[in-house]
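Structure assessment
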Amino acid sequence: MSRSISPSLSDQQQFWNSWNASYRDPSKLNQRTVRRGEVIIALVRSLGLDKPKILDFGCGTGWLSEGLAQFGPVTGVDLAADVIAAAQSRAPHIRFLAGDLFQAPLPNAYYDIAISQEVIAHIPNQKAYLDRVANLLKPTGYLILTTPNKFVMKRSD
């Protein structure tokens, strides 16, 4: 029987530091990424919440966290410590945490909105991921989750 072995946390951090630096530099975002961010910001705006506490899981370089900060306090979490350090220096008014989202010191039932863009496909235990997000959201909180769909992406090219 073949068994897949997940990469170590260190290997994942190294990969995401490199990938985010190459593909999610805020000055070099592709049109699809920019459009997705615009849609997410429009969704947050449409909720009409007064200073919502926002959690940006898998925030990478923090480019979306910066846009979300216009609505209320934002906490961005990502595995990639190098890009989180750069995001923190670029946007010191946002709380950024580097590390495993399952271990991140975040308060339960605290956030009004959780954003998860293009993350869930990379999580081996997706149920545990959604349970974690649900625990961090207030009972009336909102989850905005995106994930790639190769058929839609092919048609949009």
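Source: prediction; values computed, not measured.

1. Topic: the environment of R132
Summarising the element assignment, R132 is placed in helix 5 (residues 126–136). We classify R132 as buried; its relative accessible area is 12%. Aside from chain neighbours lying at most four places away, what touches R132 is F57, L101, F102, Q103, A104, L106 and N108. For R132, the side chain forms a polar contact with the main-chain oxygen of A104, separated by 2.6 Å.

2. Focus on helix 2 (residues 31–47)
Here helix 2 spans 25 Å end to end across 17 residues, near enough to the 24 Å set by a 1.5 Å rise per residue. Among all positions of helix 2, only T33, R36, G37, I40, I41 and V44 are buried. Looking straight down helix 2, one finds that the buried residues subtend no more than 135° of arc, so they occupy a single side. Exposed side chains of helix 2 directed beyond 90 degrees from the buried face belong to Q31 and S46. Taken from the residues just after helix 2, G48 is the one with a positive phi, measuring 65°.

3. Observations concerning the sheet that holds strand 3 (residues 95–98)
Read across the sheet, five strands follow the order 3-2-1-4-5 without closing on themselves; strand pairing throughout is parallel. Every interior strand has two partners, whereas the edge strands, strand 3 and strand 5 (137–146), have only one. Each adjacent strand pair in this sheet contributes to an overall mean axis angle of 15°, direction not counted. The pairing of strand 4 (residues 111–117) with strand 5 spans six bridges and is parallel. Each residue of the ladder has a partner; that of I115, found in strand 5, is I144. Set on the sheet, helix 4 (residues 81–90) makes contact with strand 2 (74–78) and strand 3; between it and strand 3 the angle comes to about 165°.

4. Thoughts on the packing of aromatic side chains
In total, this model carries two aromatic pairs according to the counting rule given. Between F57 and Y129, the aromatic rings sit 5.8 Å apart at their centres with planes inclined by 40°, giving tilted as the arrangement. Here F57 is found in strand 1 (residues 54–57), whereas its partner Y129 is found in helix 5, with 72 residues between them in sequence. With relative accessibility at 0%, the residue Y129 sits in the buried group. Here the guanidinium or amino end of K53 rests over the ring plane of Y110, the centre of that ring lying 5.2 Å away.

5. Topic: the pattern of salt bridges
Per the stated rule, a full pass over the model turns up five salt bridges. For E38, the salt bridge identified is with R35, shortest N-O distance 3.7 Å. Taken as a pair, E38 and R35 lie in helix 2 at a separation of three residues, close to a single helical turn. With a closest N to O distance of 2.8 Å, D131 and K127 form a salt bridge. Within this pair, D131 and its partner K127 are both found in helix 5, separated by four residues, close to a single helical turn.

Thresholds applied
- Residues numbered from 1 in each chain as written.
- Predicted model: local features only at pLDDT ≥ 70, side-chain atom pairs only at ≥ 80, totals over all residues.
- Heavy atoms only, no water.
- Helix = DSSP H or I, 4+ residues; strand = E, 2+ residues; numbered from the N terminus.
- Buried < 20%, exposed > 50% of the residue type's maximum accessible area, 1.4 Å probe, protein only.
- Contact = heavy atoms within 4.5 Å.
- Polar contact = N/O pair within 3.5 Å; in protein donor to acceptor, adjacent residues only side chain to side chain.
- Expected span 1.5 Å × (residues − 1).
- Arc of directions from axis to C-beta.
- Pairing = 2+ DSSP bridges.
- Axes fitted to C-alpha atoms, helices over the stretch in contact; angles between N-to-C directions.
- Phe/Tyr/Trp six-rings, centres within 6.5 Å; stacked < 30°, edge-to-face > 60°.
- Lys NZ or Arg CZ within 6 Å of the ring centre and 35° of its normal.
- Salt bridge = Lys/Arg side-chain N within 4 Å of Asp/Glu carboxyl O.

In short, the description is geometric, and any link to function would need to be established separately.
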